[in-house]
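# Structural overview for review
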Amino acid sequence: MSSYTFAAPTSIDEALSVLANSSRRGERAQVLAGGTDVIVQMRSFDNEPRLLVDVKKLAETNEVSIGEDEVFIGSAIASGVLNENDELKRMFPGLLESADLIGSTQIQGRASIGGNLCNSSPAGDTIPALIVNSSVCVIANSNGNREVPVEDFVTGVGTNCMSAEEFLIGFKIPRPPARTGDAYLRFIPRTEMDIAVAGAGVSVTFDDSGVCTRARVSIGAVAPTALLVADAANALIGTQVDDSALRAAEAACSAAASPITDKRGTVEYRRKVVGVLCRRAGTIARDRALA
Amino acid sequence: MKKVHVSTTVNGQPEEALCEVHQSLLDLLRDELGLTGTKEGCGTGDCGACTVLLDGRLVCSCLVLGVEAEGKEVTTIEGIADPDRLHVVQQKFLEHAALQCGICTPGFIVAAKALLDKNPDPDETTIRYWLAGNLCRCTGYDKIVRAVQDAAQELAQSS
């Protein structure tokens, strides 16, 4: 591990040029945010020399702004910092809870939702929660920023749509309409600090007569990437998100899942559990929307 | 092997060190600055033995690069006590025998003090969740939790 090098650019342009130069020289570069995945990986299975590009010194990746129509959350905001933001907690309780589920207090001092997405694990807990909130990735590119919906960002296990010359600046998330609630639940065999066996996020919006007019459902850890499950959302739209609608969404999630059997759970088990999690998260999201 | 110059502040003291990029903040503290109070347990952010404060926030120093400490403020176990007496959390760990082998103790104390600085009156559940990232294979945790509860009580009485 003698040839690691390090850059801590202070502007987006500088970061892009560092990445472009590295790519031109045929050298590997990797973007570093909180490092809770990157540093562990470089000490174990992936210890090839590379340039580490710390993006925590950029104003944009550290920005949190709450606008009239949308919210921006910078990619390097640590989960611990995010969860101290009461306004965001009121707006997106499910998203903030998904970040709060990952790791210990110490890990949350460093880990970010941007890093969780860029690590692109099938089991990344914040990914379904970002998807149900219609979050859009803002990606720095030398031709200007480009935007990609979170559900289209991850392309496979550990892979995503960004080139080696790009990096994630942050997320644009539409401000939730009135009577909207979100929730994310995962199943792990213990109560703290484990990787999801299955996870489900739900966001629902109701009209003033109590009918669901908008729904998004996403499931994690049951396919190579987190999935947006349109059939489950359609089972909720036009209903009061009552028990029978939730049962239909549950069935849609189980049907959409294509899990693997590993030490965390079997195909059959994950398929069952992800449906149950959808139903329970849907109940919480509904109650939050109507509270 | 190219070394990077790092200027940082540790326990209020400005420090300079030369550091290789792959070295962790834990390596920097122990091997370059001689601050061996911070312990290495797992090296993968699971056990919390290497817990320090980085700009006031709890982190595992094994999961921070030494070069990332540039311009930052680090607080380690060596910065917890007053010059002439132990911090109340340290004192209560002694009184409650909340340690056996001691490897996890610096991390527990740094983390517990950070909790009490943020929340002076935590309930038992809050203490247990806050310290969930600190593993102890000797004491079974009850003595640690009682030490933290007692420290909170004493701090409340003295304030």
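Per chain, the residues get numbers from 1 upward, laid out in the order the sequence is written. Chain A is the first chain written and ligand 1 is the first ligand written, with later ones labelled in order. Where totals are concerned, whole chains, interfaces and linings use all residues; where local detail is concerned, this predicted model gives features only for residues with pLDDT of at least 70, and gives and counts side-chain atom pairs only at 80 or more. The basis for the side-chain values is all heavy atoms of the structure; hydrogens and waters are excluded.

### Notes on the pairing of strand S12 (residues 198–206) of chain A
Residue and element names in this part refer to chain A. Among the 9 residues that make up S12, 9 are buried, leaving the element largely enclosed by the rest of the structure. Relative accessible area decides the class of each residue, using a 1.4 Å probe on protein chains only: under 20% of the type maximum gives buried, over 50% gives exposed, and in between gives partly exposed. In this text, helices come from DSSP runs of H or I with a minimum length of four residues, and strands from runs of E with a minimum of two, each type numbered from the N-terminal end. Neither face of S12 is left uncovered, since the one carrying Ala 198, Ala 200, Val 202, Val 204 and Phe 206 and the one carrying Gly 199, Gly 201, Ser 203 and Thr 205 both have all their residues buried. Should DSSP find at least two bridges between two strands, the strands are taken to pair. Where strand S11 (residues 180–187) lies against S12, 8 bridges are found, and the strand directions are antiparallel. Directly across from Tyr 184, in S12, lies its bridge partner Gly 201. As paired strands, S12 and strand S13 (residues 212–220) are joined by 8 bridges and run antiparallel to one another. Of the residues in S13, the one forming a bridge with Phe 206 is Cys 212. Remark: 5 residues form the turn of the hairpin made by S12 and S13, two consecutive strands paired antiparallel; Gly 210 in that turn has positive phi of roughly 85°.

### Structural notes on the domain arrangement of chain A
Residue and element names in this part refer to chain A. Along its sequence, chain A is organised into domain 1 (5–54), domain 2 (60–174) and domain 3 (180–290). The C-alpha-based centres of domain 2 and domain 3 are spaced at 20 Å. Should any heavy atoms of two residues lie within 4.5 Å, those residues are considered in contact. If you look at the interface, domain 2 gives 24 residues, while domain 3 gives 23 residues. Summed over both partners, the accessible surface that disappears when two parts come together, traced with a 1.4 Å probe, is what is meant by buried area. Each partner contributes to the roughly 1900 Å² buried at the junction of domain 2 and domain 3, and carbon and sulfur atoms together form 57% of this total. Put simply, a salt bridge is a Lys or Arg side-chain nitrogen that is within 4 Å of an Asp or Glu carboxyl oxygen. Linking domain 2 to domain 3 there are 3 salt bridges. One salt bridge in this structure joins Arg 288 and Glu 97, with 2.6 Å as the shortest N-O distance. How far each domain reaches was decided by an automatic or database domain assignment.

### Description of a nonpolar patch on the surface
Residues and elements named next belong to chain B. Taken together, the side chains of Leu 86, Leu 94 and Leu 99 present a nonpolar region at the surface, about 250 Å² in accessible area. With respect to the helices and strands, the residue Leu 94 is situated in helix H2 (residues 88–95). Overall, Leu 94 belongs to the exposed group, its relative accessible area being 53%. Patch building starts from residues that exceed 30% relative accessible area and form no salt bridge, then joins like charges within 9 Å and nonpolar side chains (Val, Leu, Ile, Met, Phe, Trp, Tyr) within 5 Å. The protein chains shown are the only cover counted for residues, whose accessible areas, like all others here, come from Shrake-Rupley with a 1.4 Å probe.

### Regarding the pairing of strand S1 (residues 4–10) of chain B
All names here are of chain B. Inspection of the sheet shows S1 paired to strand S2 (residues 13–19) by 7 bridges, in the antiparallel sense. Residue pairing across strands places Val 6 opposite Ala 17, the latter belonging to S2. Where S1 folds back on S2, the antiparallel hairpin that results is connected by 2 residues, among which Asn 11 adopts a positive phi of roughly 50°. Note that S1 and strand S5 (residues 73–75) share 2 bridges and pair parallel. Across the sheet, the residue bridging to Thr 9 is Glu 73, located in S5.

### Considerations on the packing of aromatic side chains
Aromatic rings from Phe, Tyr and Trp, taking only the six-membered ring of Trp, are treated as a pair when their centres fall within 6.5 Å; an angle between ring planes under 30 degrees marks them as stacked, one over 60 as edge-to-face, and anything in between as tilted. With the rule as written, the count across this model stands at 2 aromatic pairs over all chains. On the basis of an interplanar angle of 75° and a centroid distance of 6.1 Å, the ring pair of Phe 187 of chain A and Tyr 269 of chain A is categorised as edge-to-face. Placement of the pair is Phe 187 of chain A in strand S11 and Tyr 269 of chain A in helix H11 (residues 267–290), with a sequence separation of 82 residues. Given a relative accessible area of 29%, Phe 187 of chain A falls into the partly exposed group. Ring geometry for Phe 108 of chain B and Tyr 141 of chain B: centres 6.3 Å apart, planes at 55°, overall tilted. Here the residue Phe 108 of chain B occupies a position in helix H3 (residues 105–118), and Tyr 141 of chain B occupies one in the loop between helix H4 (124–130) and helix H5 (142–158), the gap between them amounting to 33 residues.

### Quick look at the pattern of salt bridges
Side chains that differ in charge, positive against negative, can pair when their charged atoms come close. For the coordinates displayed, the defined rule picks out 26 salt bridges over all chains. The partner of Arg 270 of chain A in a salt bridge is Asp 262 of chain A, with the nearest N and O atoms 3.0 Å apart. Here Arg 270 of chain A falls in the buried class, since its relative accessible area comes to 3%. With relative accessibility at 32%, the residue Asp 262 of chain A sits in the partly exposed group. When salt bridges with common partners are traced through the structure, they connect Asp 54, Lys 56 and Arg 110 of chain A together with Glu 68 of chain B into a single cluster.

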